[in-house]
Amino acid sequence: MTANSGTGIAERVTGARRGDRVGDSPARPDGAQKTRGEFAFSSDLWMDGMLWGKTLRSPHVAAKIRSVDTAPALAIPGVRAVVTAADVPGRPTFGLDVPDQPVFASEVIRYHGEPVAAVAADHPEAARAAAAAIFVDYEPLVPVVDPEIALEASPIHPDGNVFRHLVIRHGAPDATGDVVVEGDYEVGMQDQAFLGPESGLAVPAEDGGVDLYIATQWLHVDRDQIAASLGVPAERVRLYLAGVGGAFGGREDVSLQIHLCMLALRTGRPVKMVYARDESFFGHVHRHPARMWYRHHASRDGDLVKVEARIVIDGGAYLSSSNAVISNAACFAPGPYRVPNALVEGYAVRTNNPPCGAMRGFGAVQVCFGHEAQMDKLAAALFMDPVELRLRNALERNDRLVTGQVLRGAVPVREVIRAAASHPLPPPPDPAGPVTARPGGAGATAGPEDVRRGVGFAVSMKNIAYSEGFDDFVTARLRLEAGVDGEAVATVSVATAEVGQGFVTLAAQIVREELGVARVVLAPPSTVDVGSAGSSSASRQTWMSGGALQLACATLRAELVVRAAELWECAATQCLFDDGDVVRAATGERLSVPDLLAPAPLETEHEFHHRPTRALDADGQGDAHLSFMFAAHRAVVDVDPELGLVRVVQIATGQDVGKAINPVQVTGQIEGGVAQGIGLAVMEEIVVTEGHVRNPSFTDYLLPTVLDMPDVLATVIEEPEPGAPYGAKGVGEPPTISSGPAVLAAIRDATGFPVTRAPVRPEDIALTWMRRTS
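Residues numbered from 1 in each chain as written. Predicted model: local features only at pLDDT ≥ 70, side-chain atom pairs only at ≥ 80, totals over all residues. Heavy atoms only, no water.

(A) Quick peek at the pairing of strand β3 (residues 63-69). Where β3 meets strand β7 (residues 108-109), two bridges bridge the pair, whose relative direction is antiparallel. What sits directly across from lysine 64, in β7, is valine 108. Here β3 pairs with strand β9 (residues 135-140) via six bridges, running antiparallel. Residue valine 68 lies in a different strand from β9, and its bridge partner there is valine 136. (Pairing = 2+ DSSP bridges. Helix = DSSP H or I, 4+ residues; strand = E, 2+ residues; numbered from the N terminus.)

(B) Region of interest: the packing of aromatic side chains. According to the stated counting rule, one finds ten aromatic pairs in the structure shown. Measuring from ring centre to ring centre gives 4.8 Å for phenylalanine 39 and phenylalanine 41, while their planes differ by 65°; the resulting arrangement is edge-to-face. Taking relative accessible area as the criterion, phenylalanine 39 reaches 5% and is therefore assigned buried. Judged by its relative accessible area of 27%, phenylalanine 41 falls in the partly exposed class. Consider the rings of tyrosine 185 and tyrosine 294, whose centres lie 6.4 Å apart with planes at 65°: the pair is edge-to-face. Taken together, the residues tyrosine 185 in strand β11 (residues 179-187) and tyrosine 294 in strand β16 (residues 290-298) connect sequence positions 109 residues apart. Like tyrosine 294, tyrosine 185 is buried. (Phe/Tyr/Trp six-rings, centres within 6.5 Å; stacked < 30°, edge-to-face > 60°. Buried < 20%, exposed > 50% of the residue type's maximum accessible area, 1.4 Å probe, protein only.)

(C) Quick peek at the confidence of the model for the protein. Looking at the protein as a whole, the pLDDT averages 96, with 98% of positions reaching at least 70. Confidence over residues 1-17 falls short of pLDDT 50; this stretch has 54 contacts with residues more than four positions distant or in other chains. (pLDDT = per-residue confidence, 0-100. Contact = heavy atoms within 4.5 Å.)

(D) View of the pattern of salt bridges. In the structure shown here, the tally under the stated rule is 48 salt bridges. Two residues, arginine 223 and aspartate 224, come together in a salt bridge whose shortest N-O distance is 3.0 Å. Overall, arginine 223 belongs to the buried group, its relative accessible area being 17%. For arginine 453, the salt bridge is made with aspartate 638, and the minimal N-O distance between the two is 2.8 Å. Here aspartate 638 lies in strand β27 (residues 627-640) and arginine 453 lies in strand β19 (residues 452-464), a separation of 185 residues in the sequence. Overall, the relative accessible area of 25% leaves arginine 453 in the partly exposed class. Classification of aspartate 638 as buried rests on a relative accessible area of 3%. One network of salt bridges, in which partners are shared, links Arg477, Arg479, Glu481, Glu603 and Glu605. (Salt bridge = Lys/Arg side-chain N within 4 Å of Asp/Glu carboxyl O.)

(E) Focus on the domain arrangement of the protein. When cut into domains, the protein gives domain 1 (48-142 + 198-244 + 251-280), domain 2 (290-467 + 616-773) and domain 3 (473-609). Once you take the C-alpha centre of each, domain 2 and domain 3 turn out to be 39 Å apart. Across the contact, 23 residues belong to domain 2 and 20 residues belong to domain 3. Summing both partners gives a buried area of about 1600 Å² for domain 2 against domain 3, and 60% of it is carried by carbon and sulfur. The interface formed by domain 2 and domain 3 contains zero salt bridges. One can count eight residue pairs in polar contact (both at pLDDT 80 or more) joining domain 2 with domain 3. Listing elements by their share of the side of domain 2 that touches domain 3, those giving two or more residues are β19, β27 and α15 (663-682). Examining the composition of the side of domain 2 that touches domain 3, we find that three residues originate from one element, β19, more than from any other. (Domains from an automatic or database assignment. Buried area = accessible area lost by both parts, 1.4 Å probe. Polar contact = N/O pair within 3.5 Å; in protein donor to acceptor, adjacent residues only side chain to side chain.)

Quick look at the structure:
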């Protein structure tokens with residue numbers, strides 16, 4: 001059976017222009033469909049005879065489960081199955097790195113919204129009624145919700161309350177500077193807030209396995225976790241990528257996948273599940289909240305001498321990717337600056353709060369708020385310009401990080417700083433201008449005389465791809481054949497999840513660049529036809545999947561040359577490949593790719609690995625990361641301090657991209673990332689009170705809209721990265737990392753208030769104003 005999903009998972013045939021190559025900006029093949037509302041997302045999946053699934057979740061933060069009675073649910077007409085922990089046929093737990101999370105809670109509830117059971121019914125209303133009818137006898141417990149308390153509290157999980165404790169010791173531990181500044185900082189819990197909620201369709205197969213059509217970031221790791229819990233071989237669990245409505249890290253963990261497959265196998269019928277928005281807030285991980293303490297030492301001339309930091313991130317009830325997040329946070333705690341001495345301590349802690357995991361820029365986002373606030377404090381103490389202080393201490397090629405790793409690649413930190421600083425500032429606020437241009441917007445609450453303007457600056461760095469010894473690889477298959485019209489057709493098979501980042505465009509650009517073939521088909525990503533492509537996260541797919549595809553192209557290009565040499569009866573060394581043709585050097589004769597494919601198609605499969613990295617040692621030292629990206633942001637804000645209202649007027653940025661393979665898509669990533677950075681700075685936060693999520697809706701969880709977006713002025717720095725395809729680095733994460741800290745710096749500049757917490761809330765500003773003016 002095949003699920004009907006329209007164009008969302010169908011093969012994508014790109015345009016037939018040879019000029020759409022690396023460095024050009026061809027349109028996305030799915031762009032027009034999405035604009036017209038014709039693109040099929042995973043929530044659009046449909047199959048005749050399918051059932052509807054629904055999950056029952058705990059209303060408690062911490063509790064014992066005394067009993068679960070499913071009989072009331074099964075008595076509802078149209079209900080076909082109810083599954084609980086007792087029905088899990090294989091491993092009862094799952095997890096991205098360590099399987100520490102129950103498929104269904106059986107004895108203990110560890111967070112608000114933890115799944116307890118799932119139902120399948122003929123109609124979604126019957127499924128909802130059945131889930132509500134299940135009776136669970138809970139014994140509420142006192143939750144552990146403060147990560148500092150959790151460090152010393154009794155374990156709430158057999159694996160303990162500390163996911164990872166990491167210490168980085170670098171240089172002389174007793175070093176001190178002439179000028180010392182310190183501060184405490186906090187970052188709240190941000191949601192990925194993708195527009196397409198979790199959804200999928202599971203179809204039982206004749207071999208006893210299951211076919212799952214799903215929106216995810218990592219097909220093969222999902223498959224392996226599902227298979228383990230179903231107790232079947234991995235090859236009998238087949239995943240197909242459905243249309244993804246955004247991800248940003250929130251689809252890297254399993255959510256409804258195992259529940260769906262269990263229901264399909266139990267009923268013998270296809271089962272569809274779509275989370276409502278409130279359930280989506282409970283159904284995926286979020287950005288880790290963080291508490292940070294910093295102390296910076298510097299010479300009187302402004303040279304950094306030592307950075308001390310203590311970072312505690314709240315991982316919530318289960319591990320997810322907390323180990324990698326705290327590693328990033330600790331490694332990048334000093335920011336993109338030369339620091340000869342450092343002592344950084346990082347904790348990732350288990351609590352009864354909602355689970356936290358991957359989100360755009362993870363780890364680097366949290367500490368950027370801390371290290372950039374410290375650089376501003378230090379600049380003030382030194383009576384230096386904040387930009388000049390950053391330029392003075394900016395990392396360069398061959399510098400050593402606090403982990404001991406030497407920077408061998410492109411390190412254009414000064415270039416991104418100068419690029420951001422060189423953009424023109426906006427004109428001053430116009431008292432006669434429209435009220436929509438003031439803080440508070442159309443509410444007309446801010447008078448022109450109340451508005452204060454501020455300018456802030458921030459710089460960031462982050463790693464690319466997986467780190468600390470992870471064997472990061474991508475498998476790609478490429479087939480060349482002559483089409484029915486005589487034109488060459490290239491078919492790309494790679495399990496890369498297209499989550500909006502634009503790999504569907506880049507893949508065709510790479511094939512055209514390498515082979516000169518205009519017609520490129522991207523086969524639907526799945527676990528069936530090709531090996532893993534890893535996760536669409538960590539800004540890695542351009543490098544990793546692009547690298548695998550470039551290798552495959554090189555192999556077929558060489559085979560085309562060999563075919564031509566055989567036809568001409570000459571050595572292959574006497575032939576060269578030239579823009580879709582093979583040329584015989586001695587005579588100038590040419591054979592086109594379609595000519596050379598006439599005897600038979602060509603096909604190859606390649607596995608691409610980046611260079612090895614290694615785990616950090618007991619002192620936090622080691623060559624842990626593949627490469628790094630850098631960005632700088634300057635924010636201009638208008639603030640009404642009496643009301644606590646903020647309007648971001650402009651963001652200027654310089655970003656290190658290595659090579660802009662598709663400049664328009666680079667611009668789109670920068671603008672989208674800036675929106676998420678602004679959101680975290682001034683409005684986005686999951687409000688959690690004693691473990692309870694208080695705002696699981698887009699009514700109460702506020703997001704920046706078009707009206708909240710400022711002008712974004714961007715300069716990309718193209719300094720090729722050795723070892724990367726065309727020198728290209730990732731693009732998606734840096735715009736989110738330092739845009740938010742720049743906004744907070746601008747608010748500090750406008751108000752003179754400390755502003756040590758993100759997001760800054762209106763009351764944070766207004767109450768400070770009240771205290772200072774009363």
